[in-house]
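Spelled out from the first residue to the last, the chains are:
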Amino acid sequence: MDPMDIVGKSKEDASLPKATMTKIIKENVRVARDAQDLLIECCVEFINLISSESNEVCNKENKRTIAPEHVLKELQVLGFGEYGEEVYAAYEQHRYETIQDSQRSVKMNTGAYMTEEEAAAEQQRMFAEARARMNGGVSAPQQLDTQQSSLQS
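Reference entry: report on the structure contained in this document. (Residues numbered from 1 in each chain as written. Predicted model: local features only at pLDDT ≥ 70, side-chain atom pairs only at ≥ 80, totals over all residues. Heavy atoms only, no water.)

Now for helix H4 (residues 68-77). Here H4 has its buried residues at His70, Glu74 and Leu75. Mapping the buried residues of H4 onto a view down its axis gives an arc of 135°, with all of them on the same face. Exposed and oriented more than 90 degrees from the buried face of H4 are Glu69 and Gln76. Positioned one or two residues after H4, Gly79 has a phi angle of 95°, which is positive. (Buried < 20%, exposed > 50% of the residue type's maximum accessible area, 1.4 Å probe, protein only. Helix = DSSP H or I, 4+ residues; strand = E, 2+ residues; numbered from the N terminus. Arc of directions from axis to C-beta.)

Spelled out as structure tokens, the structure:
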């Protein structure tokens, strides 16, 4: 009988990416394959424990969504309070990076980096370079100059 069947879950129910976990584990120490699998299972169980306990805290507060505060509170209750500062710092770093990524995405989607004319000129320049590569290194500078001057008019 598979140990996962004892708790009523199959290995496909919930897991962490093995490659990522193996990379994290191997950064610190050399570990046998079965020990890696055990560590991954422990991580999954830990996440399940923290999330279910955090969900209970959330429900007691009549909230529907687990917030970072719920997780931090439950870490403290479960005896992992000493990691609170590190966990909160990691959360803040993640939040900062998420905000940075979304700001970059907005800038790229709105074209804030260059005007429409600049983008069109850059596109034409790249087309000219591609044509030159296809024609064996012979470029067509007059065509590019003509197109750029018509864009500026």
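Turning next to the packing of aromatic side chains. Applying the stated criterion across every chain, the model contains three aromatic pairs. With centroids separated by 5.2 Å and ring planes inclined at 80°, the aromatic side chains of Phe46 and Phe80 adopt a geometry described as edge-to-face. With Phe46 in helix H3 (residues 33-60) and Phe80 in the loop between H4 and helix H5 (84-110), this residue pair connects regions lying 34 residues apart in the sequence. Residue Phe80 is classed as partly exposed on the basis of its relative accessible area, which comes to 28%. Measuring from centroid to centroid gives 6.4 Å for Phe80 and Tyr83, while their planes differ by 40°, and the two rings are tilted. A residue is classified by how much of its surface remains accessible, and Tyr83, at 42% relative accessible area, is partly exposed. (Phe/Tyr/Trp six-rings, centres within 6.5 Å; stacked < 30°, edge-to-face > 60°.)

Honestly, that's just the spatial picture; any functional story needs more than this.
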